[in-house]
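Structural overview for review
Spelled out, the chains give:
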Amino acid sequence: MKIKICGLFRPEDIDYINEARPDYAGFVFAKSRRQVSYREAERLREKLAAGIIPVGVFVNTAAEDIAALYSNGVIEIAQLHGSEDGEYITKLKDLCGIPVIKTITVGEPYMPNNISPIPADYYLFDSGAGSGKPFNWDTFDPEKIEKPWFLAGGINPDNIVQAMKLNPYAVDISSGAETEGTKDLNKILQLTRGVKREWKAI
């Protein structure tokens, strides 16, 4: 199982990530208290250790802007949280071939057959952009999901093991790796090492 730490915007955040070695590092380009500019992301990306995949988080961003970030090596995956549809994703892939994570907001209850076919490489299931709260995992049935998927929304050191029991491809963590609104090295280490250790034990 893989782990993504999202919402990095300070140089020290990258220092923490380089020590903890998660699989993915997320930069938020959408409006958020964690938002980074293209230039800020470029500087942070330069500090990121080899082997950690940088992901750009977007909401209804022009495909050309995402393609430029990918072509310049700032990001390697696009995570889409807006109303981007299959036509948009196809256009983006035609521009640059970037892998795509498409976010799906989970209702109550969630059923996999509610997903419209889209040309994304991964799904990400969340309770709503920026909510910081988990959806009802007890109603979530992942058995029929046909693509690798990320689980997001309110994952933290207290519920990470429960989240892993759903067997996602990866867990995506932002506020759960923070203390008072900024990334916390100890939490990042605990979460990253916990995922690696617990997954080996399953």
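Everything below is about the structure printed above this text.
Residues numbered from 1 in each chain as written. Predicted model: local features only at pLDDT ≥ 70, side-chain atom pairs only at ≥ 80, totals over all residues. Heavy atoms only, no water.

Observations regarding the pairing of strand β2 (residues 24-28)
Every regular strand shows the same layout, with side chains that alternate between the two sheet faces. Burial of β2 is extensive: five of the five residues sit out of reach of the surface. Where burial is concerned, the two faces of β2 agree: the one with Y24, G26 and V28 and the one with A25 and F27 are both buried. Sheet topology places strand β1 (residues 2-6) next to β2; three bridges connect them, and they run parallel. Across the sheet, I5 pairs through a bridge with A25, a residue of β2. Crossover connection from β1 via helix α1 (residues 11-20) to parallel β2: handedness right-handed. (Buried < 20%, exposed > 50% of the residue type's maximum accessible area, 1.4 Å probe, protein only. Helix = DSSP H or I, 4+ residues; strand = E, 2+ residues; numbered from the N terminus. Pairing = 2+ DSSP bridges. Right-handed = clockwise from strand over helix to strand, strands pointing away.)

Things to note about the nonpolar core
By size, the foremost hydrophobic cluster in this structure holds 56 residues, and its most contacted members are I66, L92, F125 and I173. Counting nine residues, the second-largest nonpolar core is a separate cluster that includes Y24, I101, Y122 and A170. (Core = buried A, V, L, I, M, F, W, Y, C linked by side-chain atoms within 4.5 Å.)

Comments concerning the environment of G73
Its location among the elements puts G73 in the loop between α3 (63-71) and β4 (77-80). Judged by relative accessible area, which is 33%, G73 ranks as partly exposed. G73 sits 31 residues away from E42 along the chain, and the two C-alpha atoms are 8.4 Å apart.

Section: the packing of aromatic side chains
What the rule picks out here adds up to 11 aromatic pairs. With 5.7 Å between their ring centres and 65° between their planes, F150 and Y169 make a pair best called edge-to-face. Placement of F150 in strand β7 (residues 149-152) and of Y169 in the loop between α5 (160-164) and β8 (170-173) is noted, with a sequence separation of 19 residues between them. The class for F150 is buried, based on a relative accessible area of 0%. Y169 gets classed as partly exposed once you look at its relative accessible area, which sits at 26%. An aromatic cluster is built from Y123, F125, F135, F140 and W149, whose rings are joined through pairwise contacts. (Phe/Tyr/Trp six-rings, centres within 6.5 Å; stacked < 30°, edge-to-face > 60°.)

Observations concerning the side chain of D172
Along the chain, D172 turns up in strand β8. Within the local environment of D172, its side chain forms a polar contact with the side chain of K4, the two groups lying 2.8 Å apart. In contact with D172, other than residues within four places in its own chain, are K4, C6, Q79, L124, F150, L151, A152, G153 and I155. (Polar contact = N/O pair within 3.5 Å; in protein donor to acceptor, adjacent residues only side chain to side chain. Contact = heavy atoms within 4.5 Å.)

Observations regarding helix α4 (residues 86-96)
By the burial criterion, the buried members of α4 are G86, Y88, I89, L92 and C96. Viewed end-on, α4 has its buried residues packed into an arc of 160°, placing them on one side of the element. Within α4, the exposed residues directed more than 90 degrees away from the buried face are E87 and D94. Its buried side turned inward, α4 meets α3, β4 and β5 (100-105). Backbone nitrogen of E87 and a side-chain oxygen of the N-cap are separated by 3.3 Å at the start of α4; the cap is D85. Directly after α4, the chain includes G97, whose backbone phi takes a positive value near 75°. (Arc of directions from axis to C-beta.)

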